[in-house]
Amino acid sequence: MSTPGPSGEQAAQQGTAPPTDEQPPPPPSAVERANRMSAANMIRSLLPLVVVSLLAVGWIAFRQGDPDPVRPIDPTSTVQLAAARAGYAVQVPSELPDGYRPTSARTDAGDAVDGAPVTLQIGYVTPSTEYAGYVTSDDPGADPLTDVLDGAEQEGTVQVAGEEWTRSTTGRGETALSREEDGVTLLVTGSAPDAELETVAAAIAPVAAR
């Protein structure tokens, strides 16, 4: 009759380790260690170059961006529509000096029936990057006129290109130059300095027939 062998604990106590299938991984070879070090060194050496490249690309993109947000428009079609429908000779600023850029133009002439009042508005960015607005209308109650002139404080008159304009200060503290001609009101106003507003007023001329 055979006797059972010693247990694992007994074997350990007797100085004999229990058998196991797990083997510790072999240490990396010198070649593997060298490859790992080479890859790490390459990444560390390339990182500054990548950062510099990204900064350069960002700077170039910034410099190539358009710093001027003004988008000029051509008001010709709106002016011609107003001139064709209005019962009066429409006048608009023309041949303005460089730096005066039209950025908006609107008219209610598209919905006007024969004999109805017609209002035309043109907005400009001036050389000082301020706003100058021009309005002409044969409707004294037109919103673009009343929004500026109602409550405005008259401060005398000024002569511009041989024409007398009433100078007012609006409720917003802006200058308004206005005059009437054969039942038609012409108005120049905005945040631009008086000299620039007067330049716009001086450039007003009848629309050429087409």
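Counting restarts for each chain, with residues numbered from 1 along the sequence as it is written. Totals for whole chains, interfaces and linings use every residue, but because this is a predicted model, local features are given only for residues with pLDDT of at least 70 and side-chain atom pairs only at 80 or more, for both listing and counting. Side-chain figures throughout are based on the complete set of non-hydrogen atoms in the structure, without hydrogens or water.

## Considerations on the overall build of the chain
Inference 1: Runs of H or I in DSSP of at least four residues are treated as helices and runs of E of at least two as strands, each being numbered from the N terminus. When its secondary structure is counted, the chain shows 5 helices and 9 strands.
Inference 2: If you list the helices and strands of the chain from N to C, you get α-α-α-β-β-β-β-α-β-β-β-β-α-β.
Inference 3: Exposure categories follow from relative accessible area, calculated using a 1.4 Å probe and restricted to protein chains: below 20% of the type maximum is buried, above 50% is exposed, and the middle band is partly exposed. For the chain, the residues scored as buried account for 29% of the 210 residues in total.
Inference 4: Between two residues, a contact is recorded if the distance between any of their heavy atoms is within 4.5 Å. Considering only contacts within the chain whose residues lie at least 6 apart along the sequence, 52% involve residues at least 24 apart.
Inference 5: Exposure was quantified through the Shrake-Rupley algorithm and a 1.4 Å probe, taking into account, for residues, occlusion by the shown protein chains and nothing else. Total accessible area computed for the chain in this model is approximately 13800 Å², and 55% of it derives from carbon and sulfur atoms.

## Some points on the nonpolar core
Inference 1: Only buried Ala, Val, Leu, Ile, Met, Phe, Trp, Tyr and Cys residues count toward a nonpolar core, and they belong to the same one when joined by side-chain atoms within 4.5 Å. Core analysis: the biggest nonpolar cluster contains 27 residues, and Val92, Val118, Leu120, Tyr134, Trp165 and Val188 have the highest contact counts within it.
Inference 2: Excluding residues within four positions of it along the chain, Tyr134 makes contact with Gln91, Val92, Pro93, Leu120, Gln121, Ile122, Tyr124, Leu186, Leu187, Val188 and Ile204.
Inference 3: Listed in part, the 6 residues of the second largest apolar core include Val135, Leu145, Val148 and Leu187.

## A closer look at the sheet that holds strand β6 (residues 163-169)
Inference 1: Any two strands are treated as partners once DSSP identifies two or more bridges connecting them. Within the open sheet, the 7 strands sit side by side as β2-β3-β4-β8-β7-β6-β5. Their pairing is antiparallel. Strands at the two margins of the open sheet, each flanked by one partner only, are β2 (101-107) and β5 (153-160). The average angle at which neighbouring strand axes cross in this sheet is 20°, direction not considered.
Inference 2: Both strand β3 (residues 119-125) and strand β4 (residues 131-137) contribute to a ladder of 7 bridges, which runs antiparallel. In the strand pairing of β4, Thr119 is matched with Ser137.
Inference 3: Fitted lines through C-alpha atoms give the axes, limited to the stretch in contact for helices. The angle between two N-to-C directions lies from 0 to 180 degrees. Along the sheet, helix α3 (residues 76-85) contacts β2 and β3; its crossing angle with β2, the most-contacted strand, is approximately 35°.

## Focus: the layout of surface pockets
Inference 1: Here the largest pocket is characterised by a volume of approximately 380 Å³.
Inference 2: Of the two site types, the cavity is a set of points on a 1 Å grid over the protein atoms alone where a 1.4 Å probe fits but cannot get out, and the pocket is an open set with protein on both sides within 12 Å along at least five of seven lines, each lined by residues with an atom within 4 Å of a point. Along its surface, the largest pocket is lined by 21 residues, and Pro75, Val92, Pro93, Ser94 and Glu95 are the ones closest to its centre.
Inference 3: With 3 residues, α3 is the largest single contributor of residues to the lining of the largest pocket.
Inference 4: Residue composition of the lining of the largest pocket, by class: 15 nonpolar, 3 polar and 3 charged.
Inference 5: Grid points are joined across faces, edges and corners, and a volume is the space filled by probe spheres set on the points. Taken as a whole, the second largest pocket holds about 200 Å³ of empty space.
Inference 6: Residue lining of the second largest pocket: Pro140, Leu145, Thr146, Leu149, Ala152, Gln154, Thr166, Ser168, Ser178, Arg179, Glu180 and Thr185, and that is the complete set.
Inference 7: Secondary structure elements with two or more residues in the lining of the second largest pocket: α4 (143-149), β6 and β7 (175-181). Gly is put with the polar residues, along with every residue not named as nonpolar or charged; the nonpolar set is Ala, Val, Leu, Ile, Met, Phe, Trp, Tyr, Cys and Pro, and the charged set is Asp, Glu, Lys and Arg.

## Observations regarding helix α5 (residues 194-202)
Inference 1: All of the buried residues in α5 are Glu196, Leu197, Val200 and Ala201. The arc enclosing the buried residues of α5, seen along the axis, measures out at 145°, which places them on a common side. Directions are taken from the helix axis to each C-beta atom, and the arc is the one they span.

## Considerations on the side chain of Arg179
Inference 1: Counting through the fold element by element, Arg179 comes out in strand β7.
Inference 2: A distance of 2.6 Å separates polar atoms of two side chains, one belonging to Arg179 and the other to Glu181.
Inference 3: Those residues in contact with Arg179 that lie beyond four places of it in its chain are Gln91, Glu163, Glu164, Trp165, Val184, Thr185 and Leu186. Definition of a polar contact: a pair of N or O atoms within 3.5 Å, with one able to donate and the other able to accept a hydrogen when the atoms are protein atoms, and with sequence-neighbouring residues admitted only if both atoms are side-chain atoms.

## Remarks on the environment of Leu145
Inference 1: When you line up the elements, Leu145 lands in helix α4.
Inference 2: For the pair formed by Leu145 and Leu187, sequence separation is 42 residues and the distance between their alpha carbons is 7.4 Å.
Inference 3: Not counting the four nearest positions on each side in its chain, Leu145 is found in contact with Val135, Ser137, Asp139, Pro140, Asp150, Thr185 and Leu187.

## Examining the pattern of salt bridges
Think of it this way: side chains of opposite charge can pair up when their charged atoms draw near.
Inference 1: Any Lys or Arg side-chain nitrogen located within 4 Å of an Asp or Glu carboxyl oxygen qualifies as a salt bridge. A full pass over the atoms with the stated rule returns 5 salt bridges.
Inference 2: When the shortest N-O distance is used, the salt bridge between Arg167 and Glu155 registers 2.5 Å. Taken as a pair, Arg167 in strand β6 and Glu155 in strand β5 lie far apart in primary sequence, 12 residues in all.
Inference 3: For Arg167, a relative accessible area of 18% corresponds to the buried category.
Inference 4: A network of salt bridges, in which partner residues are shared, links Glu155, Arg167 and Asp194.

## Describing unusual backbone geometry
Inference 1: The phi dihedral of Thr129 falls on the positive side, at around 60°, and the residue is not glycine.
Inference 2: Note that Thr129 resides in the loop between β3 and β4.
Inference 3: You will see that Asp182, though not glycine, has its phi angle at about 55°, which is positive.
Inference 4: Checked against the element boundaries, Asp182 lands in the loop between β7 and β8 (184-190).
Inference 5: Overall, the relative accessible area of 77% leaves Asp182 in the exposed class.

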